[in-house]
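# Architecture at a glance
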Amino acid sequence: ISNELTGTGIPVQITAKIKGNEGQTIAELFVDDQKKGQATVQGNTVSFTHVFEQAGSRYGEIRLTSDRLAVDDARYFALDVLGEIKVLIVGSNSSYINLALNPDGGALNSIQTDNCAVDELAAKSLNDYNLVLLMDTPKMTDNALRKLKAFNAGGGNIIAFIGKSVDRDWYNSNFDILPATLGNRTDYSQKPLKISRWDTNHPIFSVFSDEGTAGSLKSPEIYSAFPVVPKNNAKVIASFNGNIPAILESDTSKGNIGFGKIILFNVSPDPQVSDLPLRPAFLPLMQQTVFYM
């Protein structure tokens, strides 16, 4: 299954490998006991693209036309399809992230987004959201920061993008739940950074498992970034060349049990900072991160 972390309205490719195929050329896809597709076997594989319309545990099978031993002509799969995920996007430069998370305007997608300015965060009720996404927010009021920390302590998840608008000193002095401290922002416009390696076992990178999709993740150019120092409760899940951390995650196994996850992107979806939001990898990376969280 191309992306086991998936939600309603998201196309999923389901591929079966066939061994000992003797003239069986047609395969059928069944989901929840209903036939959803039919395809021709190409060599030793057959693939289907399916969009799950209902959330919850879904099961299915791929079935070949029967032969003299029908018992081995079907194989089964199961996966959990996520329902509606409500995301609050805080800050400016949010047009690209809104498009990536909600490409159809919310008609089918399981990710539903709301937006607010950073100075509106203190008055916002976070109980309605599964995830808060900070878009290069310079700094916050004390009330907004307390509300965000309480949200995280109660199991709420946070994604933080840091770009050129971030007040480094304020983040280091006040935003202590982030998984890293920030150094002085460095310009790489003459020799842009690129993501050079990542944790291939991490769920958000599962869609970049083959050579072609892995190449798409390596192609974005980053024009400026922070030197960051991971904290004790953090793990680096992707790095730029030069061993500069690109994506970090708070590790709740090292204390803070019951807290939500925090993922820090050492980049911003701002074309002045990187061309990441203009690249094909941006949409699946953002959606997989939200599904994981």
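Up top you'll find the structure we're talking about.
Predicted model only: the values in this text are computed from it and were never measured.

## As for the overall build of the chain
Summing up its helical and strand segments, the chain has five helices and 19 strands in all. Taken over 293 residues, the chain has a buried fraction of 48%. Taking the contacts inside the chain whose residues are at least 6 apart along the sequence as the reference set, 67% of them involve residues at least 24 apart. For the chain, the exposed area adds up to about 14100 Å²; of that, 47% sits on carbon and sulfur atoms.

## Section: the nonpolar core
Core analysis: the biggest nonpolar cluster contains 43 residues, and Val87, Ile97, Leu133, Phe205, Phe265 and Met286 have the highest contact counts within it. With six residues, the single largest contributor to this core is helix α5 (residues 282-292). Not counting chain neighbours up to four residues away, the residues in contact with Val87 comprise Leu101, Ile111, Gln112, Thr113, Asp114, Tyr129, Leu131, Leu133 and Val290. Within the second largest apolar cluster, 29 residues are counted, among which are Val90, Trp170, Ala180 and Leu182.

## Some remarks on unusual backbone geometry
Despite not being glycine, Asp32 shows a phi value in the positive range, around 50 degrees. Within the secondary structure, Asp32 sits in the loop between β3 (26-31) and β4 (34-40). Its identity as a non-glycine residue notwithstanding, Asp136 has a phi of 55 degrees, on the positive side. On the secondary structure map, Asp136 appears in the loop between β10 (131-135) and α2 (142-153). We classify Asp136 as buried; its relative accessible area is 3%.

## So, the sheet that holds strand β14 (residues 195-198)
Pairing is mixed in the open sheet, where eight strands are placed in the order β9-β8-β10-β11-β19-β18-β17-β14. Bordering the open sheet on either side are β9 (111-116) and β14, each of which pairs with just one other strand. Neighbour-to-neighbour, the strand axes of the sheet open up by a mean angle of 20 degrees, direction not taken into account. Where strand β8 (residues 85-90) lies against β10, four bridges are found, and the strand directions are parallel. Residue pairing for β10: Val90 is matched across the bridge by Leu134.

## As for α5
Counting buried positions over the eleven residues of α5 gives nine, a clear majority of the element. The complete set of buried residues in α5 reads Phe282, Leu285, Met286, Gln287, Gln288, Thr289, Val290, Phe291 and Tyr292.

## Comments concerning α2
A rise of 1.5 Å per residue sets the reference length of α2, with its twelve residues, at 16 Å; its end C-alpha atoms lie 16 Å apart and thus fit the reference within 8%. Taken together, the buried positions of α2 are Ala144, Leu145, Leu148, Phe151 and Asn152. Taken down its axis, α2 places every buried residue within 120 degrees of arc, on the same side. Residues of α2 that are exposed and point more than 90 degrees away from the buried face comprise Asp142 and Arg146.

Calculation notes
Residues numbered from 1 in each chain as written. Predicted model: local features only at pLDDT ≥ 70, side-chain atom pairs only at ≥ 80, totals over all residues. Heavy atoms only, no water. Helix = DSSP H or I, 4+ residues; strand = E, 2+ residues; numbered from the N terminus. Buried < 20%, exposed > 50% of the residue type's maximum accessible area, 1.4 Å probe, protein only. Contact = heavy atoms within 4.5 Å. Areas by Shrake-Rupley, 256 points an atom, 1.4 Å probe, with all protein chains shown as cover. Core = buried A, V, L, I, M, F, W, Y, C linked by side-chain atoms within 4.5 Å. Pairing = 2+ DSSP bridges. Axes fitted to C-alpha atoms, helices over the stretch in contact; angles between N-to-C directions. Expected span 1.5 Å × (residues − 1). Arc of directions from axis to C-beta.

What is shown is where atoms sit, not what they do.
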